[in-house]
Amino acid sequence: MKNKELAHMFNRIADALEFHGENVFRVIAYRKAARVLDELSEDVVVLHKKNELESLPGIGRAIKEKIIEYLTTGKMKKYEEVTRELPGDLLDMLDIQNLGPKTLALAHKTLGVVSIEDLKKVINDGRLAKLPQMGEKKVENIKKGIELYERSRERLSIALAEKTANDVIKYLKQDKRVKAVSPAGSLRRWQETIGDIDILVTGSKGQDIIKYFTRYPGTDRVLAAGATKGSIIVANDVQVDVRIVPAASFGAALQYFTGSRAHNIHLRNIAKAKGMKLSEYGVFRGTRQVAGKTEQGVYKILSLPLIPPELREDRGEIDAARMNRLPRIVEPGDIKGDLQMHSTYSDGADEIEDLARAARKLRYHYILITDHSRSARYAHGLDLKRLKKQWREIETINKRLKRFRILKGIEVDILGDGSLDFPDRILNQCDIVLASIHQGFKNRVTERMCTAMDNPYVDIIAHPTGRLISQREGYVVDLWKVMAKAAETGTWLELNAFPDRLDLNDVNCKAAKDMGIKISIGTDAHSTEGLSWMKFGIATARRGWLEPQNIVNTYSVEKLLKLRKRRQ
DNA sequence: GCCGTTTTCGGCCCGACTGTTTTCAGTCG
């Protein structure tokens, strides 16, 4: 995808400019362009053809020309120029905590440092500490930064972060001095991975609350324990930060610490244009605080409705809010069923009836049982005989269950040549068919998916990218082509709610929405507990601006079945 | 390098923190 390639190049240019000590605002401009391209819900190639590159925020004449240069020649002179004399991994070292561009450049120019090994050497022999503006403590901090970098603490999955935060919050609430508690940061925005967990607290005697916090039973290490901020490490190297803020600033602090940074910068500009100042302490006109107690109040004084945290990425939500055109994003109560799960018939742990009863407790109206097809041997995939047995069982249970319907589904494998693991006459007897790739991740995936979508019985393409977050890249696939085919054939694309998958991701979901593609959210549960993953799917859908009408499992079972491709 | 309901030039978010200095540079969020 050219979007990602260009984003990477512009980020690299920004790194290099920073390293060379260029004007910081040029650096910011390149970073902004990189972010916009990275999160773009359209193919940059298409935008270029429509001559609309310059309509993108942060992309002006110079960067537009660089994009076109790259798209037409496959090269970018500026990129090559600024990175020419810099060894490949030197710029990677900017990710080391406490080591910024100034220090790295100085170490490179005066001491010839080009790698982490070099850096360690000049730390150990004392040469780094002798540079101007450097001293023992700074060097010590850089040393700690290297240790952290080398342990390369991966970002947490949203599921682990959510669980950890909930445990800590529950513990904090047991203290009488604690008045209000809220998660903040990327966790509150439900980003798919989380760095540190941020929690905000108001209450009396901040110092005592922090002391109480650092005695949390799961604490491995205490990093800091001041009057307003405490920081601990719990199991799995997870860092939890707690901040105490005065009640009068709680809303402003919550807004500020929820971010994203890009969203905050945009808001501050609006405050400034209105003659106000926005900070984590409140909204001020001169020295007088005019808002900040509640988050809603902060937005209101900027003439904006409250923007849901999931949308706060500066991807157009502020303009939408200003024009009163925020989407009515999906809520848990809109979901009427779960469209992917596995029973004991293939690789699931629970019986069909158990899944149904658990789903009914979640107030669903239906579920789709999607066990694997025969080629998925590793998952005990169903052959025809067992599939038919499953259908009979579903019919029997359906007669027993009131106001609930188990739909007959299948997760049918897309084979090496794009054909499906079951013939059409079998698929035709399923209520809903999911098709997915489970083998040959690098083998003509785009064509195989497109062939599968030409089949009138394929309703949904499951986990369309095949990625496993922080574990596996996913298929070699041209998602733009897949989405175009889905739009053309009326095939639904899945948002897999399993927290290690979450594909389509937020940006893809928004793109799909814009292309008129319907999304199906399925948990891919392999047990009754797995049904609770729906919240991660909903959160990702919200981040992708999806409204109930964009998501097929907000429909009644009648509408759902009526909208299948084979009926059109 | 981008951008304009004050501006086509002159701004660009801004405060906290730390460590190095003796008034400020660098890093971070």
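Residues numbered from 1 in each chain as written. Chains lettered and ligands numbered in written order. Predicted model: local features only at pLDDT ≥ 70, side-chain atom pairs only at ≥ 80, totals over all residues. Heavy atoms only, no water.

Caption draft 1: Structural detail: the environment of Glu 353. Its location among the elements puts Glu 353 in helix α16 (residues 352-361). In this structure the C-alpha to C-alpha distance between Glu 353 and Gly 286, which are 67 residues apart in sequence, comes to 64 Å. Residues in contact with Glu 353, not counting those within four places in the same chain, are Ile 397 and Arg 400. (Helix = DSSP H or I, 4+ residues; strand = E, 2+ residues; numbered from the N terminus. Contact = heavy atoms within 4.5 Å.)

Caption draft 2: Here's a closer look at the pairing of strand β7 (residues 238-244). Within β7, seven of the seven residues are buried, which leaves the element mostly enclosed by the surrounding structure. Every second residue of β7 is oriented toward a common face, with Val 238, Val 240, Val 242 and Ile 244 on one face and Gln 239, Asp 241 and Arg 243 on the other, all of them buried. As defined by bridge partners, strand β4 (residues 197-203) adjoins β7 across five bridges and the pair is classed as parallel. In the strand pairing of β7, Ile 197 is matched with Val 240. Strand direction decides the pairing type here: strand β6 (residues 229-234) and β7, joined by six bridges, are antiparallel. Pairing of Ser 231 across the sheet is with Asp 241, part of β7. The hairpin turn running from β6 into β7, its antiparallel successor, is three residues long, and Asn 236 in that turn takes a positive phi close to 65°. (Buried < 20%, exposed > 50% of the residue type's maximum accessible area, 1.4 Å probe, protein only. Pairing = 2+ DSSP bridges.)

Caption draft 3: Here's a closer look at the protein's contact with DNA strand B. If you check the shell around DNA strand B, you find 36 residues, and the closest are Gly 60, Asn 98, Gly 100, Thr 103 and Gly 135. For DNA strand B, the fraction of atoms within 4 Å of the protein that belong to sugar or phosphate moieties is 71%. Between DNA strand B and the protein, one listed contact pairs a sugar or linking oxygen with a side-chain N or O atom of Arg 268 at 2.9 Å. Here a phosphate oxygen of DNA strand B sits 3.1 Å away from a polar atom, N or O, in the side chain of Lys 272. Going through the elements one at a time, α2 (24-38), α4 (61-73), α6 (101-111), α8 (136-151) and α13 (261-273) are the ones with two or more residues in the surface near DNA strand B. It is α13 that provides the largest number of residues to the surface near DNA strand B, a total of five residues. (Near = heavy atom within 4 Å. Polar contact = N/O pair within 3.5 Å; in protein donor to acceptor, adjacent residues only side chain to side chain.)

Caption draft 4: The arrangement of the pairing of strand β16 (residues 492-496) in detail. Summarising burial for β16: five of the five residues are buried, a large majority. Burial along β16 is two-sided: the face carrying Trp 492, Glu 494 and Asn 496 and the face carrying Leu 493 and Leu 495 are both buried. Here strand β15 (residues 460-461) runs beside β16; their pairing, made up of two bridges, is parallel. Within β16, the position partnered with Ile 460 by the bridge is Trp 492. Regarding topology, helix α20 (residues 479-489) serves as the crossover connection from β15 to the parallel β16, and that connection is right-handed. (Right-handed = clockwise from strand over helix to strand, strands pointing away.)

Caption draft 5: Fine view of the sheet that holds strand β8 (residues 277-279). In spatial order, the strands read β8-β9-β10; together these three strands make up an open sheet with antiparallel pairing. Either end of the sheet is taken by a strand with one partner, and the two such strands are β8 and β10 (288-291). Neighbour to neighbour, the strand axes of the sheet diverge by 40° on average, direction disregarded. In this sheet, β10 lies alongside strand β9 (residues 282-285) in antiparallel orientation, the contact comprising three bridges. Directly across from Arg 285, in β10, lies its bridge partner Arg 288. (Axes fitted to C-alpha atoms, helices over the stretch in contact; angles between N-to-C directions.)

Caption draft 6: View of unusual backbone geometry. Put simply, Gly 259 and Ser 260 share a cis peptide bond, and its omega is -5°. By secondary structure assignment, the location of Ser 260 is in the loop between α12 (250-258) and α13. In this structure, Leu 504 follows Asp 503 across a cis peptide bond, with omega equal to 5°. At Arg 444, a position not held by glycine, the phi torsion is positive, near 45°. With respect to the helices and strands, Arg 444 occurs in the loop between β14 (432-436) and α19 (445-454). For Asp 524, which is not a glycine, the phi torsion comes out positive at approximately 60°. The exposure class of Asp 524 is buried, given its relative accessible area of 6%.

Caption draft 7: Seen up close, a nonpolar patch on the surface. Residues Val 24, Phe 25 and Ile 28 make up a contiguous nonpolar surface patch of roughly 330 Å² in combined accessible area. Classification of Ile 28 as exposed rests on a relative accessible area of 51%. (Patch = residues over 30% accessible without salt bridge, like charges linked within 9 Å, V, L, I, M, F, W, Y side chains within 5 Å. Areas by Shrake-Rupley, 256 points an atom, 1.4 Å probe, with all protein chains shown as cover. Salt bridge = Lys/Arg side-chain N within 4 Å of Asp/Glu carboxyl O.)

Caption draft 8: Seen up close, the packing of aromatic side chains. Applying the stated criterion across every chain yields a total of seven aromatic pairs. Look at Tyr 256 and Phe 257: their rings are 4.9 Å apart centre to centre, the planes differ by 90°, and that puts the pair in the edge-to-face class. Between the aromatic rings of Phe 441 and Tyr 475, the centroid separation amounts to 5.0 Å while the plane-to-plane angle is 80°, which identifies the pairing as edge-to-face. With Phe 441 in the loop between β14 and α19 and Tyr 475 in the loop between β15 and α20, this residue pair connects regions lying 34 residues apart in the sequence. Relative accessible area serves as the criterion here: at 7%, Tyr 475 is assigned to the buried category. Taken together, Tyr 171, Tyr 212 and Tyr 216 form an aromatic cluster joined through their ring pairs. In this structure, Lys 510 packs its charged tip against the face of Trp 545, placed 4.3 Å from the ring centre. In this structure, Lys 559 packs its charged tip against the face of Tyr 555, placed 4.1 Å from the ring centre. (Phe/Tyr/Trp six-rings, centres within 6.5 Å; stacked < 30°, edge-to-face > 60°. Lys NZ or Arg CZ within 6 Å of the ring centre and 35° of its normal.)

Caption draft 9: Quick peek at the sheet that holds strand β11 (residues 337-338). In space, the seven strands of this open sheet follow the order β11-β12-β13-β14-β15-β16-β17, with parallel pairing throughout. The open sheet has two edge strands with one neighbour each: β11 and β17 (519-522). As defined by bridge partners, β14 adjoins β15 across two bridges and the pair is classed as parallel. When the bridges of β15 are listed, Leu 434 appears paired with Ile 460. In the packing of α16 onto the sheet, the strands contacted are β12 (366-369) and β13 (405-413), and the crossing angle to β12 comes to about 150°.

Caption draft 10: Main features of the domain arrangement of chain A. By domain assignment, chain A separates into domain 1 (2-152), domain 2 (156-244), domain 3 (249-322) and domain 4 (332-567). Each of domain 1 and domain 4 has a C-alpha centre, and the two are 40 Å apart. At the junction of the two partners, domain 1 supplies six residues and domain 4 supplies five residues. Regarding the contact of domain 1 and domain 4, the summed buried area is about 420 Å², with carbon and sulfur atoms giving 63% of it. The largest share of the area that domain 1 buries against domain 4 comes from Glu 39, Ser 41 and Asp 43, three residues that together contribute 80% of it. Put simply, domain 1 and domain 4 have zero salt bridges between them. Inspection of the region where domain 1 meets domain 4 yields zero residue pairs in polar contact (both at pLDDT 80 or more). Considered class by class, the residues forming the side of domain 1 that touches domain 4 number one nonpolar, two polar and three charged. (Domains from an automatic or database assignment. Buried area = accessible area lost by both parts, 1.4 Å probe. Nonpolar A, V, L, I, M, F, W, Y, C, P; charged D, E, K, R; others polar.)

Caption draft 11: Geometry of the environment of Lys 211. Among the structural elements, Lys 211 can be located in helix α11 (residues 206-214). Since its relative accessible area comes to 48%, Lys 211 is described here as partly exposed. The spatial distance from the C-alpha of Lys 211 to the C-alpha of Leu 111 is 44 Å, given a sequence separation of 100 residues.

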